[in-house]
Every structure is written in structure tokens, then in C-alpha cells.
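# Secondary and tertiary structure notes
The chain contents come next:
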Amino acid sequence: MQLRQALKTGLKTLVESGVPSPQLAAELLLMHVLGRDRGYLYAYPEAEISEEVTSRYFQSVEERATGKPTQYITGHQEFWGLDLEVTPDVLIPRPETEHVVEAVIDLAERQGFNREAPLRLVDVGTGSGCIALALAAEFPRAVLFATDISRPTIDVASRNAARLGMSERVKFLETDLLAFFLDARAPGQGFDQDLNGAINRSFLNTFDFVVSNPPYVAADELDRVQREVRQFEPRIAWGGLERGDEVYRRLIPQAHAVLKPGGYLVVEIGYNMGETVPTLLCDGWTQIEVRPDLAGIPRVVIARSCA
């Protein structure tokens, strides 16, 4: 079958199945099975593709037609220019989350820190590791930690760090939010047990940044969640919570405890939380700011820790 015909047939299936952005999905899946870029698809539309490749392409199209995200089929997603492995154990990184990385870079520059500054940062609920690894790329001398409550998630993030040559730069911890840094007895993996207490004591109140894209979808909002997210992405990573702000309620006081005076909390928020989350930042916080994404939707909340 010619490449052009395969693409046309795949597109037709995806359109009939109501898949969002069907043209993009059809192209990405064909690029994946061919091991080629988009330019090849349109430079050689009459190229013949083997029966094996054609079969694998149509199989992947059928998977996408069920609602399974393209990224889980190809196993990859780009974030901040980094090629990341993604599996059903992790939330698929979104372009909107890059606003968290942008905010950290901006705040660091405002404080007079350059790229070589030995900043201390922790990414809470790291998922694929996208935020932590993007920040590691931007600040090569920074000390970075990334936490997640899920061991399979930590495994994916660790593989991404290894692929990008950042295993020595980002330390991944299996723990609930910031519990590891607050209590030497708290469960946490990734370091020799004998070092836990020393590490906790040395990092308490010394972080420059706490960043996070936590789950924020409330139980009464589930009907607004896309099928791809609701049926395929790990709920622990996106929500289904009794209250959409419950993780922020837990994270904010923990972040204040580990941040040094003048350190920043930078969190992604849901579209309807531009007023809710700032109200949680009462005593101990200053310079509270809500930044919108490119669509003008409140996306990132920033707050500075004070004594």
C-alpha cells in the first residue's frame, strides 16, 4: 500500500471514531511505525510500505480509535524540547505545564540567579519527571529532587533521567508529597536508609523552589474530563478527589516548612481555581501571583515564603 493511501485510510477511521485532532494522530502513528519524521510523509506520498508496517499502523489506529492516547501507543511525548518516555503509569505531559518551568526561570532571573546557580528545587508529584528534568536542563548546577507516591511512576521518571543523562542530577523519592523531607521516619526510597535522617535535616528550610502539578479534578467534575484522560490516564495523577483543592491544602504548609525564607512555591492549577488556591496562601506567604496560559486561563500560582 502507498504511504498516502495508508494515511488517508487511518485518518478516515479516526474521524469516524470522533478522535480529537485526527489528522495529527494519524500522522504521529504513521511516523512512529515508519520511524520517519513528518517531512518524509509528505515528501514521499507514493512510497510503498510493507504489509507488516501497514498492519502495525492500522493496529495502532484501532487502538487510538478506542480512546487510548497517541502518546501511550508511541510511548513518547515531547516536553520542553525533551523526548520523554510515557506509559499508562504516568500522566501525559501537557504544553500548559511548561508555564511552571517558565515561571521558575523568570523568578530565578528576578532574584539574580544565573544558569550556573546551585539552586535547590523539589518537584512534587513528578509523574514522568517532565518538570524536574526540564529544570535540570535549564539549571545544570542545581540540586534537584522529585517525589511521587507511586513506585511505577518513579520507575518511568528514573528511566527518563537515565536516557537524558541526568540520573546523577535528579534524585527521585517514593514518598507522599514532601513527607520525606519533614520526618526522618517517613517512608521514602532512593537513598541508603542510614542517610535518611541526615538528608532530611540538611534540606529542611533550604529549598529555593517547590514546584508541582498536583491532581486537582474534583469528583463532581469527572463528567467534564476527556475520555482519553478519564479512561486511560492514572486517576491518582489527575484527580477524582472529593475536593479539587485538597492536595493544595496539604502541600502548601509542607512547602512552607521546607522552603527557605524568600523561597518560592510554584504550582499548576485547574481552570477554575484562580481564586481558590490563592486564598489558601495566608500566613507565611507574600507576593502571591496568578499567571494565565496562552489562552488566558489561570494556570500557575506563585507565592513567596516569608518568616
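Quick note: structure is the one above.
Residues numbered from 1 in each chain as written. Predicted model: local features only at pLDDT ≥ 70, side-chain atom pairs only at ≥ 80, totals over all residues. Heavy atoms only, no water.

## Comments concerning the packing of helix α1 (residues 3-16) against helix α4 (residues 51-65)
Relative orientation of the contacting elements α1 and α4 amounts to 15 degrees, with a least axis distance of 9 Å. Considering the angle they form, α1 stands roughly parallel to α4. Where α1 crosses over α4, the two elements pack in a sense that is right-handed. Residues Ala6, Leu7, Thr9, Gly10, Thr13 and Leu14 of α1 touch α4, and the partners they reach there are Tyr57, Phe58, Val61, Glu62, Arg64 and Ala65. Looking at the contact of α1 with α4, its residues break down into 7 nonpolar, 3 polar and 2 charged. (Axes fitted to C-alpha atoms, helices over the stretch in contact; angles between N-to-C directions. Helix = DSSP H or I, 4+ residues; strand = E, 2+ residues; numbered from the N terminus. Parallel < 35°, antiparallel > 145°, perpendicular 65-115°, else oblique. Left-handed = near helix turned anticlockwise from the far one by under 90°. Contact = heavy atoms within 4.5 Å. Nonpolar A, V, L, I, M, F, W, Y, C, P; charged D, E, K, R; others polar.)

## Topic: the pairing of strand β10 (residues 285-292)
One ladder, built from 6 bridges, connects β10 with strand β11 (residues 298-305); its direction is antiparallel. Bridge assignment links valine 290 to a residue of β11, and that residue is valine 301. (Pairing = 2+ DSSP bridges.)

## A short note on the sheet that holds strand β5 (residues 170-174)
Taken together, the 7 strands give an open sheet; going across it, the order is β5-β4-β3-β6-β9-β11-β10, and neighbouring strands pair in mixed fashion. Looking at which strands have only one partner, the edges of the open sheet turn out to be β5 and β10. In this sheet, neighbouring strand axes are inclined to one another by 15 degrees on average, regardless of whether the strands run parallel or antiparallel. With 4 bridges connecting them, strand β3 (residues 120-124) and strand β6 (residues 207-212) associate as parallel partners. Each bridged residue has a counterpart across the sheet, and for valine 124 the counterpart in β6 is serine 212. The strands touched by helix α7 (residues 130-138) within the sheet are β3, β4 (143-148), β5 and β6, with β4 carrying the most contacts at an inclination of about 175 degrees.

## Re the pattern of salt bridges
On inspection of all chains with the given rule, the structure shows 21 salt bridges. Residues arginine 94 and glutamate 233 are paired through a salt bridge, measuring 2.6 Å at the closest nitrogen-oxygen approach. In this pair, arginine 94 is assigned in the loop between β2 (82-85) and α6 (98-110) and glutamate 233 in the loop between α11 (227-232) and α12 (235-238), connecting sequence segments 139 residues apart. Residue class for arginine 94 comes out partly exposed when judged on its relative accessible area of 27%. Glutamate 233 gets classed as buried once you look at its relative accessible area, which sits at 5%. Across the salt bridge formed by aspartate 208 and lysine 260, the nearest N and O atoms sit 2.5 Å from each other. Taken together, the residues aspartate 208 in strand β6 and lysine 260 in strand β9 (residues 259-268) connect sequence positions 52 residues apart. (Salt bridge = Lys/Arg side-chain N within 4 Å of Asp/Glu carboxyl O. Buried < 20%, exposed > 50% of the residue type's maximum accessible area, 1.4 Å probe, protein only.)

## Some remarks on the environment of arginine 230
If you trace the backbone, arginine 230 turns up in helix α11. Spatially, the C-alpha atoms of arginine 230 and glycine 240 are 9.3 Å apart, while their sequence positions differ by 10 residues. Setting aside its immediate chain neighbours within four residues, arginine 230 contacts Leu222, Val225, Arg235 and Trp238.

In short, the description is geometric, and any link to function would need to be established separately.
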